[in-house]
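Below, each chain spelled out in residue letters.
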Amino acid sequence: MNTTTQDVAIGVVGTGLMGVGIATQAALHGYRTIVHDVDPARLASVAPKAEAVLDELIDAGRIDHAARQAALARIETHAQLDAIARARFVVEAIPEVLELKHRLYAKLAGLLADDAILASNTSGFPPDQLATPLRAKERFVIAHFWNPPHMIPLVEIVPGSATAPEVVQQTAGLMSAIGMEPVVLAKAIPGFVGNRLQFAVLREALHIVRSGAATPEVVDRVMKASLGRRWGIVGPFEGADMGGLDTFVDIASHLMPQLAKDEDVIDLLRAQVDAGRVGVRSGAGFHDWDEARIARVKAGRKRVIGRG
Ligand code: NAD
């Protein structure tokens, strides 16, 4: 598969939260983008949702109106899965239900070109388990985008045991070409890398709140004023190297035994959900999501998107 924009059409199956973001990112970087969804309402919402993403990029000073219009013109929506046969790289972004994904893959197996790559945006299914209905398992890989792709550049590329090395390489090349930052894992582990790090921090945050030492407000402030800034520049290993590994051994020796290891901190999350406080969607979670808080997050988001 060649990865020039002239001859590669990118297919996206499933145009929900992730699919639209991925399709918009591909179209913005010059690729003809063929999208399909089984739900006509979702398909009809692709253009307005893509416009909203592109308008946010204009507002942040990243693109101009001409780029917006060119990107929109590159997105084709199709009610029939057959249209995806023209794509040489297909991202599957349908719900995280194994049976649904397997049924789709069985259809795609008879549809895709021999040199096409099928990439799943799964949040956690192992690649070998996903690939079982496929004949061409060597052309299957996981490409795990984050939400929203125009703000969070990471794509975790996770090969299965049968994935061909050139498929991993071509997927990484294509991800770079559409403005993403691909990282390749050596093998699949649950949560890949990013979600493991996210939930390790969340487990400790819940543990701290449960201990009574700090409120969610204080924990969030500590993170934003310290590690949140540092981790945009250096990762945890670079940070440890800079702090001095001998110092980190001293700190870790007394701190590691104190850190959360238990799974029952999840009860704190469950209690909020049981009380109908699911977060932004219900107006409250650990915080009340009033207009001021939403405006502050939007302003921060604009700053980050503006930096590219
Ligand atoms: P979503 O529910 O918003 O969208 C899924 C879309 O797939 C819907 O529009 C639905 O109509 C469509 N669909 C269902 N069955 C289909 C089929 N057989 N053919 C074509 N379209 C079909 O889901 P989402 O949040 O976009 O997640 C999609 C995938 O990406 C999941 O595997 C999810 O775990 C993963 N993911 C989600 C996020 C996130 O933050 N939401 C982040 C990374 C990865």
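Residues numbered from 1 in each chain as written. Predicted model: local features only at pLDDT ≥ 70, side-chain atom pairs only at ≥ 80, totals over all residues. Heavy atoms only, no water.

- The name given to the protein chain in an unreviewed UniProt entry is L-gulonate 3-dehydrogenase, and the organism recorded there is Paraburkholderia sprentiae WSM5005.
- In its Sequence similarities (unreviewed entry) section, the UniProt entry covering the protein chain states "Belongs to the 3-hydroxyacyl-CoA dehydrogenase family."
- UniProt lists a comment for the protein chain under the heading Subcellular location (unreviewed entry), and it reads "Cytoplasm". (UniProt positions renumbered as here; feature names shortened; annotations may be inferred.)

**Considering the pattern of salt bridges**
- Within the structure shown, the criterion is met by 14 salt bridges.
- For Asp55, the salt bridge is made with Arg68, and the minimal N-O distance between the two is 2.7 Å. Within this pair, whereas Asp55 is found in helix H3 (residues 46-59), its partner Arg68 is found in helix H4 (residues 65-73), the two being separated by 13 residues in sequence.
- Taking relative accessible area as the criterion, Asp55 reaches 34% and is therefore assigned partly exposed.
- The shortest N-O distance in the salt bridge between Lys302 and Asp59 comes to 3.8 Å. One end of the pair, Lys302, is in helix H14 (residues 291-307); the other, Asp59, is in helix H3, and 243 residues separate them in sequence.
- Salt bridges sharing common partners tie together Arg32, Glu76 and Arg86. (Salt bridge = Lys/Arg side-chain N within 4 Å of Asp/Glu carboxyl O. Helix = DSSP H or I, 4+ residues; strand = E, 2+ residues; numbered from the N terminus. Buried < 20%, exposed > 50% of the residue type's maximum accessible area, 1.4 Å probe, protein only.)

**What to know about the UniProt feature "site: Important for catalytic activity" (unreviewed entry) in the protein chain**
- Under the UniProt annotation, the feature "site: Important for catalytic activity" (unreviewed entry) is placed at His144.
- Here His144 lies in strand E6 (residues 140-145).
- Residue classification places His144 among the buried positions, given a relative accessible area of 4%.
- The residues touching His144, leaving out its near neighbours within four places in the chain, are Ser120, Asn121, Thr122, Ser123, Leu154, Val155, Glu156, Phe192 and Asn195. (Contact = heavy atoms within 4.5 Å.)

**Brief notes about the site of the ligand**
- Around the ligand there are 22 residues in total, and Met18, Asp37, Glu96, Lys101 and Ser123 lie nearest to it.
- In this structure, Met18 approaches the ligand through a main-chain N or O atom, which is 2.8 Å from an oxygen atom.
- One nitrogen or oxygen atom from the side chain of Asp37 is found 2.6 Å from an oxygen atom belonging to the ligand.
- Because more than half of its atoms lie within 2 Å of the grid, the ligand is assigned to the second largest pocket.
- Secondary structure elements with two or more residues in the shell around the ligand: helix H1 (17-28) and E6. (Near = heavy atom within 4 Å. Polar contact = N/O pair within 3.5 Å; in protein donor to acceptor, adjacent residues only side chain to side chain. 1 Å grid on protein atoms, 1.4 Å probe; cavity = no way out; pocket = protein on both sides within 12 Å on 5 of 7 lines; lining within 4 Å. Sits in = over half its atoms within 2 Å of the grid points.)

**Side note on the packing of helix H8 (residues 194-211) against helix H9 (residues 216-225)**
- Direction vectors running N to C along H8 and H9 enclose 135°, while the axes themselves pass 9 Å from each other. Viewed along their axes, H8 and H9 adopt a mutual orientation that is oblique. H8 and H9 meet at a crossing whose hand is right-handed. Side by side, H8 and H9 meet where Val201, Ala205, Ile208 and Val209 of the first sit next to Pro216, Val219 and Met223 of the second.
- Residue classes in the contact of H8 with H9 are distributed as seven nonpolar, no polar and no charged. (Axes fitted to C-alpha atoms, helices over the stretch in contact; angles between N-to-C directions. Parallel < 35°, antiparallel > 145°, perpendicular 65-115°, else oblique. Left-handed = near helix turned anticlockwise from the far one by under 90°. Nonpolar A, V, L, I, M, F, W, Y, C, P; charged D, E, K, R; others polar.)

**Regarding the pairing of strand E8 (residues 181-184)**
- Pairing of strand E7 (residues 154-159) with E8 involves four bridges; the strand directions are parallel. Along E8, the bridge assignment pairs Glu156 with Val183.
- Taking the sense of rotation as the criterion, the β-α-β connection linking E7, helix H7 (residues 165-177) and E8 turns out right-handed. (Pairing = 2+ DSSP bridges. Right-handed = clockwise from strand over helix to strand, strands pointing away.)

**Quick look at the environment of Ile157**
- Counting through the fold element by element, Ile157 comes out in strand E7.
- If near-sequence neighbours (up to four positions away) are discounted, Ile157 is found in contact with Val141, Ile142, Val168, Thr171, Ala172, Met175, Pro182, Val183, Val184 and Leu185.

**With respect to the domain arrangement of the protein chain**
- As assigned here, the protein chain comprises domain 1 (9-184) and domain 2 (194-274).
- Centre-to-centre separation of domain 1 and domain 2, based on C-alpha positions: 32 Å. (Domains from an automatic or database assignment.)

**Some points on the UniProt feature "domain: 3-hydroxyacyl-CoA dehydrogenase C-terminal" (unreviewed entry) in the protein chain**
- In this numbering, the UniProt entry assigns the feature "domain: 3-hydroxyacyl-CoA dehydrogenase C-terminal" (unreviewed entry) to residues 191-289.
- Helix makes up 61% of residues 191-289 and strand 0%, and the two end C-alpha atoms of the span are 28 Å apart.

**Notes on H1**
- For H1, which comprises twelve residues, the first-to-last C-alpha distance of 17 Å matches the rise-based estimate of 16 Å (1.5 Å per residue) to within 8%.
- Residues of H1 that are buried: Met18, Gly19, Val20, Gly21, Ile22, Ala23, Thr24, Gln25, Ala26, Ala27 and Leu28.
- Phi for Gly30, located one or two positions after H1, is positive at around 95°. (Expected span 1.5 Å × (residues − 1).)

**Focus: the side chain of Thr24**
- Note on placement: Thr24 falls in helix H1.
- Judged by relative accessible area, Thr24 falls into the buried class, the value being 2%.
- Leaving out residues up to four positions away in the same chain, Thr24 has contacts with Ala50, Val53, Leu54 and Ile75.

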